[in-house]
Amino acid sequence: MDAKTSKTSADTSRQFLRHTLATVAYRGGKAIRGVPVTFSEFRANESCRTPGQILAHIGDLYDWALSQAKGQEKWRDSKPLVWEDEAKRFFTALKALDDYLASDAAPAASPENLFQGAIADSLAHIGQILILRRLAGSPVRAENYSRAEIVTGRVGSEQAPPPWEADLK
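This one's a predicted model, so the numbers in the text were calculated from it and none came from an experiment.

Draft legend 1. Inspection of the overall build of the chain at higher detail. Along its length, the chain carries four helices and zero strands. When the helices and strands of the chain are listed from N to C terminus, the series reads α-α-α-α. Against the 2.2 N^0.38 benchmark of 15 Å for 169 residues, the chain shows a C-alpha radius of gyration of 17 Å, consistent with a compact globule. Viewed in the frame of its principal axes, the chain has a C-alpha envelope of about 55 × 35 × 25 Å. In the chain, which comprises 169 residues, the proportion classed as buried is 41%. Summarising the internal contacts of the chain: among those between residues at least 6 apart in sequence, 78% fall at separations of at least 24. On the chain, roughly 9,600 Å² of surface is accessible, and the fraction owed to carbon and sulfur atoms is 54%. For the chain, the distance from the average site of its 22 positive side-chain charges to the average site of its 21 negative ones is 3 Å.

Draft legend 2. Focus on the pattern of salt bridges. According to the stated counting rule, one finds 11 salt bridges in the structure shown. Among the ionic pairs, Arg89 bridges to Glu86, the shortest N-O distance being 3.0 Å. Here the residue Arg89 and the residue Glu86 both occupy positions in helix α3 (residues 83-102), the gap between them amounting to three residues, near one helical turn. Assessed through its relative accessible area of 15%, Arg89 is described here as buried.

Draft legend 3. Broad picture of the nonpolar core. Counting residues in each nonpolar core, the largest one holds 38 residues, and the members touching the most others are Tyr62 and Leu94. Listing elements by their share of this core, those giving two or more residues are α1 (3-32), α2 (51-69), α3 and α4 (111-135). When sequence neighbours within four positions are dropped, the list of residues in contact with Tyr62 reads Leu21, Val24, Ala93, Leu94, Leu97, Ala118, Ile119 and Ser122.

Draft legend 4. Region of interest: the packing of α2 against α3. Running from amino to carboxyl end, α2 crosses α3 at an angle of 20°, the nearest separation of the two axes being 9 Å. Relative to α3, the element α2 is oriented roughly parallel. Read as a crossing pair, α2 and α3 show a hand that is left-handed. Side by side, α2 and α3 meet where Pro51, Gly52, Leu55, Ala56, Ile58, Gly59, Asp60, Tyr62, Asp63, Ala65, Leu66 and Ala69 of the first sit next to Trp83, Glu86, Ala87, Arg89, Phe90, Ala93, Leu94, Ala96, Leu97 and Tyr100 of the second. Broken down by class, the residue content of the contact of α2 with α3 amounts to 16 nonpolar, two polar and four charged.

Draft legend 5. Expanded view of the packing of aromatic side chains. Inspection of every chain in the model, using the stated rule, returns four aromatic pairs. For the pair Trp64 and Trp75, a centre-to-centre distance of 5.6 Å together with 90° between the ring planes defines the contact as edge-to-face. Of this pair, Trp64 sits in helix α2 while Trp75 sits in the loop between α2 and α3, placing them 11 residues apart in sequence. Its guanidinium or amino end placed over the ring of Tyr145, Arg27 lies 3.7 Å from that ring's centre, counting from NZ or CZ.

Parameters and conventions
Every residue gets a number counted from 1 within its own chain, in the order that chain's sequence is written. Side-chain atom pairs in this predicted model are given and counted only at pLDDT of 80 or more, local residue features only at pLDDT of at least 70, and totals for whole chains, interfaces and linings cover all residues. Processing note: side-chain calculations cover all non-hydrogen atoms of the structure and skip hydrogens and water entirely. Numbering of helices and strands runs from the N terminus, with a helix taken as a DSSP run of H or I at least four residues long and a strand as a DSSP run of E at least two residues long. What the globule rule says is 2.2 Å times the number of residues to the power 0.38, and the radius of gyration is computed from C-alpha atoms. A simple rule labels every residue: compare its accessible area, found with a 1.4 Å probe on the protein chains alone, to the largest value its type can have, and call it buried under 20%, exposed over 50%, or partly exposed in between. Residue contacts are counted whenever heavy atoms from the two residues lie within 4.5 Å of one another. The accessible surface values rely on the Shrake-Rupley method and a 1.4 Å probe; as for residues, cover is taken only from the protein chains in view. Only four residue types enter the charge count: Lys and Arg as positive, Asp and Glu as negative, with His and the chain ends excluded. To locate a charge, take NZ of a lysine, CZ of an arginine, CG of an aspartate or CD of a glutamate. Salt-bridge detection follows one rule: a side-chain nitrogen of Lys or Arg within 4 Å of a carboxyl oxygen of Asp or Glu. Throughout, nonpolar core names a set of buried Ala, Val, Leu, Ile, Met, Phe, Trp, Tyr and Cys residues whose side chains join them through atoms within 4.5 Å. Here, axes are lines fitted to C-alpha atoms. For helices the fit covers the stretch in contact, and angles between N-to-C directions go from 0 to 180 degrees. An angle counts as roughly parallel when it lies under 35 degrees, as roughly antiparallel when it exceeds 145, as roughly perpendicular when it falls between 65 and 115, and as oblique in every other case. By convention, the crossing between two helices is left-handed when the near helix turns anticlockwise from the far helix through less than a right angle, and right-handed when the turn is clockwise. When residues are sorted by character, Ala, Val, Leu, Ile, Met, Phe, Trp, Tyr, Cys and Pro go into the nonpolar class, Asp, Glu, Lys and Arg into the charged class, and all the rest, Gly among them, into the polar class. Working definition: rings of Phe, Tyr and Trp (its six-membered ring) pair if their centres are within 6.5 Å, and the pair is stacked with planes under 30 degrees apart, edge-to-face with planes over 60 apart, and tilted otherwise. Counted as over-ring charges are cases with an Arg CZ or a Lys NZ within 6 Å of the ring centre that also lie within 35 degrees of the ring normal.

Just distances and angles here, no functional claims.
Have a look at this one:
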């Protein structure tokens, strides 16, 4: 593989990671938006994390991914903030990683490692939040995510409205 092909492959991987982060922002935003006031502390049972603990963990995952990308890997376990502040932290952490991937800086971690670690884990945890919402009596409306307007670089709380939604029974 020549240098041009290698650079193109690396650029493609970075763009795919950035699109994945935009997807996390869209799907995660839907999961955390409009929750009941008490949802952050909801427990399905005593052995489960609360949604607030899960959202704090997701923020930790993206802080960790950024530290890996910068070659200064560091993990921390954060105590959950109030839901609104934790939601802001989620989007801030996504933006910080997206900004880094959009820059000319060469990531110290491979795109594959970033994806298989923090990013894939966050998708599982967003699913947990969605399940807990349903158990708490506050399900999100179904939609066809393949038709959603997900745009690389759009990693904040402001997302396009769903083109179609339905209530599931």
